[in-house]
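Each chain is listed here by its residues.
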Amino acid sequence: MNEVLARLGLSEVNPGAASGGWLETHGRVVSSFNPTTGEALASVQLCSAADYRTVVQRAQEAFVGWRMLPAPKRGEIVREIGVALRAHKADLGSLITMEVGKLRSEGEGEVQEAIDMADFAVGLSRQLNGLTMHSERPNHRMYEQWHPLGVVGVITAFNFPHAVWAWNAMLGLVCGDPVIWKPSLKAPLTAIATHQICDAVLARHGWSGVLGLVIGDDADVGEAMIHDRAVPLISATGSCRMGRHIGQAVAARLGRSLLELGGNNAIIVNKDADLDLALRAVAFGAMGTSGERCTTTRRLLLHEDIADTFLPKLVAAYKSVRIGDPLQDGVLVGPLIDEGAVQLFEAAIAAAKTQGAELLAGGARVDGPGHFVQPTLFRAASNLPIVHEETFAPILYVSTWRDLDEAIAMNNAVDQGLSSAIFTDSFRAAERFLSHAGSDCGIANVNIGTSGAEIGGAFGGEKDTGGGREAGSDSWKSYMRRQTNTLNWGTTLPLAQGVKFDL
Ligand code: UN1
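All figures in this text were calculated on a predicted structure; none of them were measured in a lab.

Brief notes about the state of the cysteines
Thought 1: Across all of its chains, the model carries 0 disulfides by this definition.
Thought 2: The cysteine cysteine 240 is free of any disulfide, with cysteine 294 supplying the nearest cysteine sulfur at 10 Å.
Thought 3: Of the residues examined, cysteine 240 reaches a relative accessible area of 15% and is grouped as buried.
Thought 4: Summary of cysteine pairing: cysteine 441 is not part of a disulfide, and the nearest cysteine sulfur, belonging to cysteine 294, is at 12 Å.

Here it is as C-alpha cells:
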C-alpha cells in the first residue's frame, strides 16, 4: 500500500458509505486507478440504495440538532475543519494527483481551495443576514430570516474531487444543513480521505451524521438521491447531459437543484492586447489540468491582425510543453482520467479533421502506460459543429475575427455559458465585453484566463451550464430557506393594499 494512502487511513478495500463512522456496504467492489500508470490504488465496496437510505435517515436525524446549534458555533467547527485540512494538505494534494492526474501544485491547490472555503464560511457564519423592510401598515414590522434548509445532496465530478465538495459542504455546514456527498467513481479515494478528516472534527464535538458519504452507482444510489424528497437541494457538477437529467428529476418533485455543468469557454484576444500575457493565459487555460476543467479554454478568438504573430508562438508553446508524471517537477501536462477520455479525445480529433479544421499541433495519444495525449491546437471556423462541443481534453480551436461585436457573438454562440475572457489594453473593448450586450457567461474576465477562479466570487454559468452559483458572494442563500415575517405590535388589524373586511 502506497504510504500516502496509508497515512490518510485508506485500506486495500474501503467501505463506500459513511455517516458518523463507516457503514457496512452491500454494493459491488470497484478499484480506483492512477491514470499516470494505469495501476489500481485501492478499492471501494460501493454503497447500495439501501445503504443510501441509512445515510439519509441519519442525516435527517442529525438535522434536528444541527439546525439549532447557533450558526457562529457551527462556524467554529468549520474553522477546525479548515485547520484539519491544512494539516493534511500535502498528503491530500498528493492523493488527488495520484487519483486524477493533475499536477502536484494543482492537487494541493484544490485543498487550498477547500481551506479558503472553510475560512470564508466561518466569516459567513456570523453574516447569514436577512433584510428588514418598512411595512405599509402602521405599527407593523417586516423582516426576513434565513433558516437551515435540510439535507443537501452533493454530486461531484472526478476533475475536482475535493474542492467542489468543499464549496458546497462548508456553506451547507454553516447554514445548518447536513451534507451527503456522492463523489465520482473515478475519484472515490479522495472523497474517503476528505470525509474522514472532516468528519473526525464533527465527531470530536459530538456530532454524528451531519456529514454523509455515499459512493455508489448512478443507477441506484444517484437515482435514489435525486428523487428523494428528504433531500431538498441537490447540488450537482458534471456534464450538461447529466445535469439535464438531474434537473428534470429534482424539478418533478419541486426540489431545488444547483447545477454546475459544461463549459465551452473562449478567450478573445484583441489586437491591442499584451500578447505575452495572453499567451501564458491561453497556455494555462487550454493545456492546464489536461483540459479537464469545466473552465478550460476551448476556443481562442484572435483578432485577424495578430494571428500571424501570435499563432507561431502558441504552436511553439504547445510543442515544448512537458507531458508526463504530474508528481514530477517541470511536467505541465499530466494524463487524462482514463481510456474512455482518450477515446473521446481521439473521436474529437477525427471529427475536427473531417469537418475541415487545420491541425497546428498535437493530435495524437502518447504511447506507453497511462492515459496521455498531446495538447492539440486546431485552426477552425468558429461555427464547426465540433467547436461547439465540450470535449474534456486539451483541444483548443482557434478562429479569427475583424470586429469586436463579431468576436462577442462568437463567444456567445455556443450552448454553454460558463467562463469567458478578453485580453485587451482598450478600456472601451473591455467594457463592451463586460456590458449587458457583452459576454453571456457567468464568469467574464479581463486580462485573466477562463480558468482558476478564486472562491470569493459566485461560481457558475448560464444556458446549458445550468444557472447554479456556488462558493463565494451570496451563494450561501441556495443552502437556506427564506422566511418573511410580518409582526403587528398595534391594536388594530389593518389589511394590506387597503382591503376592507369589517365584521
Ligand atoms: C470545475 O472544473 O468543475 O475556476 C471547477 C476554476 C476552479 C474550479 C473549476 N477554481 O478553474
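Some thoughts on the side chain of asparagine 34
Thought 1: Its location among the elements puts asparagine 34 in the loop between strand S3 (29-33) and strand S4 (40-45).
Thought 2: What makes asparagine 34 buried here is its relative accessible area of 11%.
Thought 3: Engagement of the side chain of asparagine 34 in a polar contact is seen with the backbone nitrogen of threonine 36, the distance being 2.9 Å.
Thought 4: Each residue touching asparagine 34, except ones within four places of it in the same chain, is listed here: Glu39, Leu41 and Met98.

Some remarks on the domain arrangement of the chain
Thought 1: The assigned domain composition of the chain is domain 1 (2-261 + 466-483) and domain 2 (265-446).
Thought 2: Contacts between the two partners involve 21 residues from domain 1 and, on the opposite side, 23 residues from domain 2.
Thought 3: Ranking the residues of domain 1 by area buried against domain 2 places Pro35, Thr36 and Leu103 at the top, with a combined share of 28%.
Thought 4: Across the salt bridge formed by aspartate 338 and lysine 186, the nearest N and O atoms sit 3.4 Å from each other.
Thought 5: At the junction of domain 1 with domain 2, the criterion picks out 6 residue pairs in polar contact (both at pLDDT 80 or more).
Thought 6: Secondary-structure elements contributing two or more residues to the side of domain 1 that touches domain 2 are helix H4 (89-100) and helix H5 (104-124).
Thought 7: No other element matches the 4 residues that H4 contributes to the side of domain 1 that touches domain 2.

A short note on the site of the ligand
Thought 1: All residues adjacent to the ligand are Glu113, Asn159, Phe160, Trp167, Glu260, Arg293, Cys294, Thr295, Ser451, Gly452, Ala453 and Phe459.
Thought 2: In this structure, glutamate 113 approaches the ligand through a side-chain N or O atom, which is 3.2 Å from a nitrogen atom.
Thought 3: Backbone polar atom of cysteine 294 to an oxygen atom of the ligand: 2.8 Å apart, as the coordinates give it.
Thought 4: Here the ligand has 330 Å² of accessible area as a free molecule, and 99% of this is covered by the chains.
Thought 5: Its residues assigned to classes, the shell around the ligand comprises 5 nonpolar, 4 polar and 3 charged.
Thought 6: In this structure, the shell around the ligand is formed jointly by two domains, domain 1 (2-261 + 466-483) and domain 2 (265-446), each of which donates at least three residues.

Here we look at the environment of serine 32
Thought 1: Relative to the elements of secondary structure, serine 32 occurs in strand S3.
Thought 2: Between the alpha carbons of serine 32 and methionine 480 there is a distance of 35 Å; along the sequence they are 448 residues apart.
Thought 3: If near-sequence neighbours (up to four positions away) are discounted, serine 32 is found in contact with Glu39, Ala40, Leu41, Ala42, Glu99, Lys186, Pro188 and Leu189.

Describing the sheet that holds S3
Thought 1: Pairing is mixed in the open sheet, where 3 strands are placed in the order S1-S4-S3. With one partner strand each, in any of the chains shown, strand S1 (13-15) and S3 form the two edges of the open sheet. Neighbour to neighbour, the strand axes of the sheet diverge by 35° on average, direction disregarded.
Thought 2: Strands S1, S3 and S4 of the sheet are contacted by helix H7 (residues 188-204), whose axis makes an angle of about 70° with S4.

A look at the environment of alanine 203
Thought 1: Of note, alanine 203 is situated in helix H7.
Thought 2: Here the alpha-carbon distance between alanine 203 and serine 435, two residues 232 residues apart in the chain, equals 49 Å.

Section: the packing of aromatic side chains
Thought 1: Here the structure, examined in full by the defined rule, presents 6 aromatic pairs.
Thought 2: When the centroid spacing of 4.8 Å and the interplanar angle of 15° are considered together, the rings of tryptophan 165 and tryptophan 181 count as stacked. On the criterion of sequence distance, the pair formed by tryptophan 165 in helix H6 (residues 163-175) and tryptophan 181 in strand S8 (residues 179-182) is long-range, its members being 16 residues apart.
Thought 3: Given a relative accessible area of 2%, tryptophan 165 falls into the buried group.
Thought 4: Ring plane angle 50° and centroid distance 4.7 Å describe the contact between tryptophan 167 and phenylalanine 459, whose orientation is recorded as tilted. Placement of tryptophan 167 in helix H6 and of phenylalanine 459 in strand S20 (residues 458-459) is noted, with a sequence separation of 292 residues between them. You'll find tryptophan 167 and phenylalanine 459 in the same group, each marked buried.
Thought 5: Between the NZ or CZ atom of arginine 67 and the centre of the ring of phenylalanine 63, over which it lies, the distance is 4.9 Å.

Let's talk about unusual backbone geometry
Thought 1: Look at asparagine 139: it is not a glycine, yet its phi comes out positive at around 55°.
Thought 2: Of note, the phi angle at threonine 289 is positive, near 55°, even though the residue is not glycine.
Thought 3: Inspection of the secondary structure puts threonine 289 in the loop between helix H10 (275-287) and strand S13 (297-303).
Thought 4: On the basis of relative accessible area, threonine 289 is assigned to the buried category, the value being 7%.

Describing the packing of helix H13 (residues 404-412) against helix H14 (residues 427-434)
Thought 1: It is at 11 Å that the axes of H13 and H14 come closest, and there the two elements cross at 35°. Remark: the crossing between H13 and H14 carries right-handed chirality. In this structure, H13 contributes Leu404, Asp405, Ile408 and Asn411 to the contact, and H14 contributes Ala429, Arg432 and Phe433.

Description of helix H3 (residues 71-87)
Thought 1: With 17 residues, H3 should cover 24 Å at 1.5 Å per step; its first-to-last C-alpha distance of 25 Å lies within 8% of that length.
Thought 2: Inspection of H3 places Ala71, Arg74, Gly75, Ile77, Val78, Glu80, Ile81, Gly82, Ala84 and Leu85 among the buried residues, and these make up the whole buried set.
Thought 3: The secondary structure elements touched by the buried residues of H3 are helix H2 (49-66), H4, H5, strand S6 (140-148), H6 and H7.

Rules and cut-offs
Throughout, a residue's number is its position along its own chain's written sequence, starting from 1. Reporting in this predicted model follows two pLDDT cut-offs: at least 70 for local features of residues, and 80 or more for side-chain atom pairs to be given and counted; totals over whole chains, interfaces and linings ignore these cut-offs and use all residues. Calculation of side-chain values draws on the structure's entire complement of heavy atoms; hydrogens and water are dropped beforehand. Two cysteine sulfur atoms make up a disulfide if the distance between them is within 2.5 Å. A simple rule labels every residue: compare its accessible area, found with a 1.4 Å probe on the protein chains alone, to the largest value its type can have, and call it buried under 20%, exposed over 50%, or partly exposed in between. Here a helix means four or more residues in a row that DSSP labels H or I, a strand means two or more in a row labelled E, and each is numbered from the N terminus. Here a polar contact means two N or O atoms within 3.5 Å. Within protein one must be a hydrogen donor candidate and the other an acceptor candidate, and residues neighboring in sequence count only if both atoms are side-chain atoms. A contact between two residues is defined here by any heavy atoms of the two lying within 4.5 Å. Domain limits in this description derive from either an automatic procedure or a database domain assignment. For any pair of parts, buried area is found by adding up, for both, the accessible area (1.4 Å probe) each one loses once the two are put together. By definition here, a salt bridge exists when the distance from a side-chain nitrogen of Lys or Arg to a carboxyl oxygen of Asp or Glu is within 4 Å. Working definition: residue near molecule or strand if any one of its non-hydrogen atoms lies within 4 Å of it. Throughout, the Shrake-Rupley method with a 1.4 Å probe supplies accessible areas, and for residues the shown protein chains are the sole cover considered. Each residue gets one label: Ala, Val, Leu, Ile, Met, Phe, Trp, Tyr, Cys and Pro are nonpolar, Asp, Glu, Lys and Arg are charged, and the others, such as Gly, are polar. In short, DSSP must find at least two bridges between two strands for them to pair. Lines fitted to C-alpha atoms define the axes here, with helix axes fitted over just the stretch in contact, and angles between the N-to-C directions of these axes take values from 0 to 180 degrees. In this analysis, rings of Phe, Tyr and Trp, with Trp reduced to its six-membered ring, are considered paired at centre separations within 6.5 Å, and the interplanar angle assigns stacked below 30 degrees, edge-to-face beyond 60, and tilted for intermediate values. Lysine NZ or arginine CZ positioned within 6 Å of the ring centre and within 35 degrees of the ring normal marks a charge as sitting over the ring. Crossing handedness: left-handed means the near helix sits turned counterclockwise from the far one by under a right angle, and right-handed means the same turn made clockwise. Expected helix span is computed as 1.5 Å times (number of residues minus one).

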